[in-house]
Amino acid sequence: MEPLADGEYDAIVLGTGMKECVISGLLSVKGKKILQVDRNNYYGGDGASLNLTNLFEKFQAGDPPSDLGANRDYNVDLIPKFIMAFGNLTKMLLHTKVTRYLEFKSIAGSYVYKEGKILKVPATPEEALRSSLMGLFEKRRFRKFLIYINQYDPANPATFEGRDLDTMTMKQLYTDFGLLVDTHQFISHAMCLELDEGHMDLPAKPTVVNLKIYCDSLSRYGTSPYIYPVYGLGGLPEGFSRICAIHGGTFMLNQDIDEILFNENGEAYGVKAGNMMAKAAMVIGDPSYFPKEKVRETGSVVRCICLLNHTIPNTNDSESVQIIIPGPQVGRVNDIFVSSIGNALQVSAPGVYIAIVSTRVEKESPDEDIAPGLALLGPIMKRFTAVSTIMEPTGDGSSDKCYISSSFDGTSHFESDCENLLELYKRVSGEELDMNIEGDVDGDY
């Protein structure tokens, strides 16, 4: 049997999706010898950025029309997600210094759908006073609630004001401030980024911490709490891969594997590709590389990429926006996410906007699931719809040395995916990633 690359490694990583590249980058910085393999000839896996020709090829849509502009103008993300400016992914980017390879811009606006209208999530106290999301007296209660959230420090009981958020539910906290049900929904879904109503009967602390991250991100850049890399998200896995390569990591694109090798104790010890083999103490990767008994399905996500020749109506002509449609507003359990980006982020030709509608599949027809989001977009030049199965590992990797990531969820942000990433890092390394770093990305905002 021939050696695959150098043959012996501390870890073999299968796939170059963002989660896999973050893990390989972090491990390489710790001095681990890494081999990273991908069956595709490009970085990013299911979350890659494609040019116009590749986009049409992937969805078997023929040749792109000439009026859409040049191929080189497009970097269309298959799983587009915004980055919370003060969130965990930003801290990971800073932790590994990947920010030196990327340029970011802030997203112009964050919106929420309420009673058939698209309403801006207030970015300043002045906007809150003008907002039609709430009545006059509700705005006062909302302001009082935000003052409490901003001064709340989980490590300082003096900021609790007599409330134990480890036992008080989120519903009880909202009620304690006299906030109306519609306001609960708007805060939880558009600001705390909760995906459904399940959190309302759970302890309030995790949701409040999420709200603080949102508020801190918002105060940093003013227009919205989100940032996005110029030229699309494809730069993220490439940036982390570069960090890994600088620290001695080996990369093999366009290289599939035939099988993961297990010893008599059921522990993974390497991979085989043809007559080549590489050994390692652990195998890390996305679910698609592992035997079926190692992963399980947890649902499906539908994503629809739409090409527009206009900005999304009722968003103040903003080129880059996020709109959250709370599930209960349209008779659903799960929220629907709508996002739009354009030429200012170097992802499309001038005058062309890329809008994406995504959510978890609940109905028999995925088109029914995304219909409320598509209805907000106005005329659509071209749309591409894909349904992906959400997979997660059946074990934590401690017994079989297979450390498997979970599929990306249906949201338009990275927050819940980062929780999975941090949990995966802890399983792989045996320690928590130090996130005590100031989330402040230098760039063009």
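Cut-offs used in this document
Residues numbered from 1 in each chain as written. Predicted model: local features only at pLDDT ≥ 70, side-chain atom pairs only at ≥ 80, totals over all residues. Heavy atoms only, no water. Pairing = 2+ DSSP bridges. Helix = DSSP H or I, 4+ residues; strand = E, 2+ residues; numbered from the N terminus. Axes fitted to C-alpha atoms, helices over the stretch in contact; angles between N-to-C directions. Phe/Tyr/Trp six-rings, centres within 6.5 Å; stacked < 30°, edge-to-face > 60°. Buried < 20%, exposed > 50% of the residue type's maximum accessible area, 1.4 Å probe, protein only. Contact = heavy atoms within 4.5 Å. Salt bridge = Lys/Arg side-chain N within 4 Å of Asp/Glu carboxyl O. Core = buried A, V, L, I, M, F, W, Y, C linked by side-chain atoms within 4.5 Å. Arc of directions from axis to C-beta.

Trainee: Pulling in residues and values, what's your account of the sheet that holds strand β9 (residues 117-120)?
Mentor: With mixed pairing, the 7 strands of this open sheet are ordered in space as β9-β8-β17-β18-β19-β16-β20. Looking along the sheet, the strands with just one partner apiece sit at the ends: β9 and β20 (382-393). In this sheet, adjacent strand axes meet at a mean angle of 20 degrees when their direction is disregarded. Note that strand β16 (residues 295-308) and strand β19 (residues 353-360) share 8 bridges and pair antiparallel. Bridged to Ile305 within β19 is Ile356.

Trainee: How would you summarise the packing of aromatic side chains if you had to cite specific residues and measurements?
Mentor: Within the structure shown, the criterion is met by 12 aromatic pairs. When the ring of Phe59 is compared with that of Phe384, the centres are 5.2 Å apart and the planes differ by 40 degrees; the resulting orientation is tilted. Taken as a pair, Phe59 in the loop between α2 (52-58) and β5 (76-77) and Phe384 in strand β20 lie far apart in primary sequence, 325 residues in all. Accessibility expressed as a relative area gives 2% for Phe384, which makes it buried. Ring centres 5.3 Å apart and planes at 80 degrees place the aromatic pair Phe145 and Phe177 in the edge-to-face group.

Trainee: Could you give me a rundown of the environment of Phe142, with the residues and numbers involved?
Mentor: Secondary-structure assignment places Phe142 in helix α5 (residues 136-151). With 289 residues separating them in the primary sequence, Phe142 and Glu431 have C-alpha atoms 39 Å apart. Residue contacts for Phe142: discarding those within four places in its chain leaves Ala128, Met134, Leu179, Thr183, Phe186, Ile187 and Met191.

Trainee: Lay out the sheet that holds strand β3 (residues 34-37) with the relevant residues and their values.
Mentor: With parallel pairing, the 5 strands of this open sheet are ordered in space as β11-β3-β2-β15-β21. In the strand order of this sheet, the two ends are held by β11 (250-252) and β21 (402-404), each with one partner. Along the sheet, successive strands turn relative to each other by an average axial angle of 20 degrees, direction set aside. Judged from the 3 bridges that link them, strand β2 (residues 11-14) and strand β15 (residues 283-285) form a sheet pairing that is parallel. Bridged to Val13 within β15 is Ile284. Helix α1 (residues 18-29) contacts β2, β3 and β15 of the sheet and is inclined by roughly 165 degrees relative to β3.

Trainee: Go over the pattern of salt bridges, please, and point to the residues and values.
Mentor: As enumerated under the stated definition, the model contains 20 salt bridges in all. The salt bridge involving Asp182 is made with Lys114; its shortest N-O contact spans 4.0 Å. Of this pair, Asp182 sits in helix α7 (residues 181-191) while Lys114 sits in strand β8 (residues 109-114); the two residues are 68 residues apart in sequence, bridging distant segments of the chain. Accessibility expressed as a relative area gives 35% for Asp182, which makes it partly exposed. The buried category is assigned to Lys114, whose relative accessible area is 14%. Linked through salt bridges whose partners overlap, the residues forming this network are Lys19, Lys81, Asp409 and Asp417.

Trainee: Before we move on, can you summarise the side chain of Gln255 with the specific residues and values?
Mentor: Summarising the element assignment, Gln255 is placed in the loop between β11 and β12 (259-262). Gln255 has contacts with Leu4, Val37, Asp38, Arg39, Ala273 and Met276, leaving out every residue within four places of it along the chain.

Trainee: Break down the nonpolar core for me, citing the residues and quoting the values.
Mentor: In this structure, Phe145, Leu173 and Phe186 are the most contacted members of the largest nonpolar core, which totals 98 residues. The contacts of Phe186, once residues within four sequence positions are left out, are Val112, Val121, Pro122, Leu133, Met134, Phe142 and Met191.

Trainee: A description of helix α10 (residues 366-374) should follow, citing residues and the corresponding values.
Mentor: Taken residue by residue, α10 has Asp369, Ile370, Gly373 and Leu374 as its buried positions. Buried residues along α10 cover an arc of 135 degrees about the axis, so they all sit on one side. Each element contacted by the buried residues of α10 is listed here: β16, β17 (321-325), β18 (336-341), β19 and β20.

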